[in-house]
Amino acid sequence: SSTHLLPSTGEGAGKESSAGMASSPCGNTNFDSGLEIKTRSVEQTLIPLVSQITTLINHKDKPKKSERTLAAIHRVGQAVNVAVGRFVAVGEAIASENQELKDEMGQACFEARRAGDAIAQLTDVGSAMQSQSDSQVSVFSDRTGMVKAARLLLSSVTKVLVLADRIVIKQIITSRNKVLVTLDKLERVSTFQEFVQIFSQFGNEMVEFAHLTGDRQNDLKDEKKKARMAAARAVLEKCTMMLLTASKTCLRHPDCESARINKDAVFHRMRCALEQVIEIVTEARGCGESKVLPTSIYNSIKDFKSCVECLRENLYSLTPQDMASQLESLVERTEDFTDSAYTSHEQRQAILGLCQLLRQDTQQLVHAWAEAQSGHAKEATEEMEVAVLKTCQSISDLRRKLHKVAVGRASDLLKVHGEHLPLRALKAAGAEGNLEAVAESSRTLTEQKDQLVETCRLLCHISGTEPLEITCIHAEETFLVIGPQIISAAQTLALHPSSKIAKENLEVFCEAWESQLCDMALLLKEINDVFEGRRDDKRPYLSLPRPGVSLLCVWVQEQTSMAKLGLELRLLSSDVDSEVEKWEEQEHGIVRHSQSLASMAYSMYLFTRKFTEMLKFQIDPKDLLSLLLFKVLSEEGLQLCSSFRTFSSQVNYSLFHSKHLYAE
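The paragraphs below set out a description of the structure included in this document. These figures come from a predicted structure and were not determined experimentally. (Residues numbered from 1 in each chain as written. Predicted model: local features only at pLDDT ≥ 70, side-chain atom pairs only at ≥ 80, totals over all residues. Heavy atoms only, no water.)

What follows concerns the overall build of the protein. The number of helices and strands found in the protein is 23 helices and zero strands. Evaluated residue by residue, the protein yields a buried proportion of 44% over its 664 residues. For the protein, the share of sequence-separated contacts (at least 6 apart) that also reach a separation of at least 24 residues comes to 77%. About 34,300 Å² of surface is accessible on the protein, with carbon and sulfur atoms providing 53% of the total. (Helix = DSSP H or I, 4+ residues; strand = E, 2+ residues; numbered from the N terminus. Buried < 20%, exposed > 50% of the residue type's maximum accessible area, 1.4 Å probe, protein only. Contact = heavy atoms within 4.5 Å. Areas by Shrake-Rupley, 256 points an atom, 1.4 Å probe, with all protein chains shown as cover.)

This is how it looks when you write it as structure tokens:
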């Protein structure tokens, strides 16, 4: 619903202004310009301005005005005008740099400056002192004029901010387009050397895109959009490493069908995630937005309980047929639990029993309700109040049971699958080149995937909030996609058991599976917190007017740099592995030291990937850094450098000797 910060002008404007200005620009606030505030940065920028204007309009309307009151009003009015002047200057600078916004931004800046001047004139001390003698209009004699100026100012300033926000959206779209172009190039490369060069560029572009979309995610007010953005960014983050190893495997084994299938699936998923991000920031009605979330059991229970309780206030708010229809719709959704092959007989009977009890209590409520209506009662009777309480209790019992079943199954699955036995079996079978064993382990993994997918659907039913529902759907889709990708990677390794790249590729997809299981454990904790009422809704966010560099900004920059360096380390180590394999003399010092250095670089890359998870569990990074043995890495690098110098000297000597022989 739209909420105006300022009241309408005209009769009663003075009385309404206090209530109107007391509202902060929170929620989906619309101004006269028809603009909706959708980001926290715009909202937070407006709050101080609203506060100052509130001071101007809601001043005490005393018969006599002290000099102190006049001076205070004058200071606030002038401060607003000066602030607007500076703000407009920034808006005009933005307009000059972005021609597509020049006209709209120019008009908004003009209106803001005009409103600021009007407020300054109305709060002028001289005007207030002379108003009684020469009938000059001031804030004290023309409250309606102040309300008009304030409305114009807030509307125009909001428009400037929203127009400036388009620049941020434009940056994200431009960054996405760059990523897509490079992604197309990566898909078409035919040599490993060309791939390394393009992937290095791709990595830099992905880091930039991640930074822009991360800021946008934190700035969004809509929690559903924020959850969808988080899901899309998680896909892009995990798929970047999959893209590297899947592409390398395909380049090394170009005739392998399973390697091609594996690679194509990664590229497709990345493009879908990129498209989803753009749909969110531009609010386009794409495939992701048009897919409406299925109604969960939690929402059905909440709606039905609300209908039952509203009968206390209004006996005629709905009909018995409406209530019966809602009840049957609720019971029908419990079939996802009762029809599941993984639900035990005892759990199924308990759910069916609670549904039957809810039906009986609802029938008693309808009977008491009909009697109250026949007696022309204006409010719920005592008998009806008892029936309402019993029905609400049955609803709560059913919700609690469904929650227990879903959470219990998820917890059991996480314990069982925590050992990752099918993944280990697939790795071993692939390394042995045993296609039959790979097929057998693939069936086990597929069954595990089906269990996890169905459990995610049940968790979605009882998650309790729409953002958590979106996260459950993301988890379900991830298991659906990664399961077959692991199998195709294992088949490739079985066909090429001596391939280091195929082995590495399978490892990366298995890591993604394990990572999603960890994410599911965190999701389970959040769902439990919501159910128990322990969730903290206060969320950190970034705002446009950021004074100085906060610790959060420093940490984001550090994370970005670490991700970029880690990716470069991984790419360089892959390049070294590829070049070293070409040497005929594998025991040469350069080969040995290069392999050792590449291995250490890979370990450092893994550290950068897991660094954030380590911080979640409050492990001291200094203790972990020692495990990387930076000193050993440095020594290995020095030995490699020494080997290169020796080899270079030998090459130079050979060239010098060859020249003399040629001259002779």
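After that view of the structure, there is still more to cover.
Once that is clear, we can look at the packing of helix H12 (residues 320–333) against helix H14 (residues 345–374). Between two packed helices, the angle of one axis relative to the other and the distance separating the axes together describe the packing. Two numbers describe how H12 lies on H14: the axes approach to 11 Å, and their chain directions differ by 175°. It follows from the interaxial angle that H12 and H14 lie roughly antiparallel. For the pair H12 and H14, the contacting residues are Pro320, Met323, Leu327, Glu328 and Val331 in the first and Cys355, Leu358, Arg359, Thr362, Leu365, Val366 and Trp369 in the second. A per-class count over the contact of H12 with H14 returns nine nonpolar, one polar and two charged. (Axes fitted to C-alpha atoms, helices over the stretch in contact; angles between N-to-C directions. Parallel < 35°, antiparallel > 145°, perpendicular 65-115°, else oblique. Nonpolar A, V, L, I, M, F, W, Y, C, P; charged D, E, K, R; others polar.)

Before going further, it helps to spend a moment on the packing of aromatic side chains. Tallied over the entire structure, the rule returns four aromatic pairs. Aromatic side chains phenylalanine 199 and phenylalanine 202 sit 5.7 Å apart centroid to centroid with 45° between the ring planes, which places their arrangement in the tilted category. In this pair, phenylalanine 199 and phenylalanine 202 are both assigned in helix H7 (residues 192–219), three residues apart and thus about one turn of the helix distant. For the pair shown, phenylalanine 199 and phenylalanine 202 are each scored as buried. (Phe/Tyr/Trp six-rings, centres within 6.5 Å; stacked < 30°, edge-to-face > 60°.)

This part covers the packing of helix H8 (residues 223–252) against helix H19 (residues 500–532). At a minimum axis separation of 8 Å, H8 and H19 run at an interaxial angle of 160°. As judged from the angle between their axes, H8 and H19 are roughly antiparallel. Read as a crossing pair, H8 and H19 show a hand that is left-handed. Note on element contacts: H19 touches H8 through Ile501, Ala502, Glu504, Asn505, Val508, Phe509, Ala512, Ser515, Gln516 and Asp519, opposite Lys238, Met241, Met242, Thr245, Ala246, Lys248, Thr249 and Arg252. Classifying every residue of the contact of H8 with H19 by side-chain character gives eight nonpolar, five polar and five charged. (Left-handed = near helix turned anticlockwise from the far one by under 90°.)

With that settled, consider the pattern of salt bridges. In total, this model carries 27 salt bridges according to the counting rule given. In this structure, the salt-bridge partner of glutamate 504 is lysine 248, at a minimum N-O distance of 3.2 Å. Remark: lysine 248 occurs in helix H8 and glutamate 504 occurs in helix H19; sequence separation between them is 256 residues. Assigned by exposure class, glutamate 504 and lysine 248 land together as buried. The salt bridge involving aspartate 397 is made with arginine 400; its shortest N-O contact spans 3.2 Å. One end of the pair is aspartate 397 and the other is arginine 400, both in helix H15 (residues 382–417) and three residues apart, which spans about a single turn. One network of salt bridges, in which partners are shared, links Arg40, Glu223 and Lys226. (Salt bridge = Lys/Arg side-chain N within 4 Å of Asp/Glu carboxyl O.)

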